[in-house]
Amino acid sequence: MRAVDDDTDMKVAILRKLQQWGKLPESDLSRMLRQYHLITDDFRDMEEEGLIEMRFIGDEYVVAPTLFGTLFLEQQDKEETPLEAQPGKEEY
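So, here is what we can say about the structure in this document. (Residues numbered from 1 in each chain as written. Predicted model: local features only at pLDDT ≥ 70, side-chain atom pairs only at ≥ 80, totals over all residues. Heavy atoms only, no water.)

## Some points on the packing of helix α1 (residues 8-21) against helix α3 (residues 40-48)
Part 1 of the reasoning: Following both chains from N to C, one finds α1 and α3 inclined at 85°, their axes separated by 12 Å at the closest point. With respect to α3, the element α1 is oriented roughly perpendicular. Contact with α1, carried on its side by M10, K11, I14 and L15, involves D42, F43 and M46 of α3 and no other residues of that element.
Part 2 of the reasoning: Its residues placed into classes, the contact of α1 with α3 shows five nonpolar, no polar and two charged. (Axes fitted to C-alpha atoms, helices over the stretch in contact; angles between N-to-C directions. Helix = DSSP H or I, 4+ residues; strand = E, 2+ residues; numbered from the N terminus. Parallel < 35°, antiparallel > 145°, perpendicular 65-115°, else oblique. Contact = heavy atoms within 4.5 Å. Nonpolar A, V, L, I, M, F, W, Y, C, P; charged D, E, K, R; others polar.)

Now the structure itself:
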């Protein structure tokens with residue numbers, strides 16, 4: 001048996017904060033989402049996936065969402081919405 005570490009909830013939480021606030025310093029995001037114990041490598045992984053953009057400004061990274069990150073968040077929101085609540089979708 002293989003263990004799978006699904007960090008989708010963490011990614012969605014980060015992208016929701018960025019959607020709400022726009023660009024944020026890495027330390028602010030980490031404080032807002034303490035339950036995930038975020039470190040720089042978590043943000044780097046998301047940057048490699050194309051979900052966020054990181055720029056070093058001053059003495060820390062500033063994190064901003066990308067277009068792909070916004071689309072990823074929309075897709076996750078659609079998957080969480082029950083089928084009957086989605087307009088134009090019917091069960092057969």
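## A word on the packing of aromatic side chains
Part 1 of the reasoning: Tallying each qualifying case throughout the model produces one aromatic pair.
Part 2 of the reasoning: Residues F56 and Y61 carry aromatic rings whose centres are separated by 5.1 Å and whose planes lie at 80° to one another, so their mutual orientation is edge-to-face.
Part 3 of the reasoning: Residue classification places Y61 among the partly exposed residues on the basis of a relative accessible area of 22%. (Phe/Tyr/Trp six-rings, centres within 6.5 Å; stacked < 30°, edge-to-face > 60°. Buried < 20%, exposed > 50% of the residue type's maximum accessible area, 1.4 Å probe, protein only.)

## Topic: the nonpolar core
Part 1 of the reasoning: Grouped together as the largest cluster of nonpolar side chains are 18 residues, with contacts concentrated most on I14, L18, L29, F43, I52 and V63.
Part 2 of the reasoning: For this core, the secondary structure elements donating two or more residues are α1, α3, β2 (52-57) and α4 (67-80).
Part 3 of the reasoning: Residues within four places of L29 in sequence aside, it is in contact with I14, K17, L18, L24, L38, F43 and V63. (Core = buried A, V, L, I, M, F, W, Y, C linked by side-chain atoms within 4.5 Å.)

## Some remarks on the pattern of salt bridges
Part 1 of the reasoning: Evaluated as defined, the whole model comprises seven salt bridges.
Part 2 of the reasoning: In this structure, D41 and R44 form a salt bridge, with 3.3 Å as the shortest nitrogen-oxygen distance. Here D41 and its partner R44 are both found in helix α3, three residues apart, which amounts to about one turn of the helix.
Part 3 of the reasoning: D41 gets classed as partly exposed once you look at its relative accessible area, which sits at 41%.
Part 4 of the reasoning: By relative accessible area, R44 is classed as partly exposed at 35%.
Part 5 of the reasoning: Connected through salt bridges with shared partners, the residues D7, K11 and E49 form a single ionic network. (Salt bridge = Lys/Arg side-chain N within 4 Å of Asp/Glu carboxyl O.)

## Concerning α3
Since the α-helix advances by 3.6 residues per turn, residues separated by three or four positions end up pointing in the same direction.
Part 1 of the reasoning: Restricting attention to buried positions, one finds in α3 the residues D42, F43 and M46. Buried residues of α3, seen end-on, are gathered within an arc of 95° and therefore sit on one face of the element.
Part 2 of the reasoning: Where α3 is buried, its residues touch α1, α2 (26-32), β2 and β3 (60-65).
Part 3 of the reasoning: Looking one or two places after α3, you find G50, whose phi comes out positive at around 85°. (Arc of directions from axis to C-beta.)

## A word on the packing of α1 against α4
Packed helices, taken two at a time, are described by their axes: the angle between them and the distance between them.
Part 1 of the reasoning: Closest axis-to-axis distance for the α1/α4 pair is 10 Å, and the angle between their directions is 115°. The way α1 lies across α4 gives a crossing that is left-handed. Along the contact surface, α1 presents T8, K11, V12, L15, R16 and Q19, while α4 presents G69, F72, L73, Q76, D77 and E80.
Part 2 of the reasoning: Per-class residue counts for the contact of α1 with α4 are four nonpolar, four polar and four charged. (Left-handed = near helix turned anticlockwise from the far one by under 90°.)

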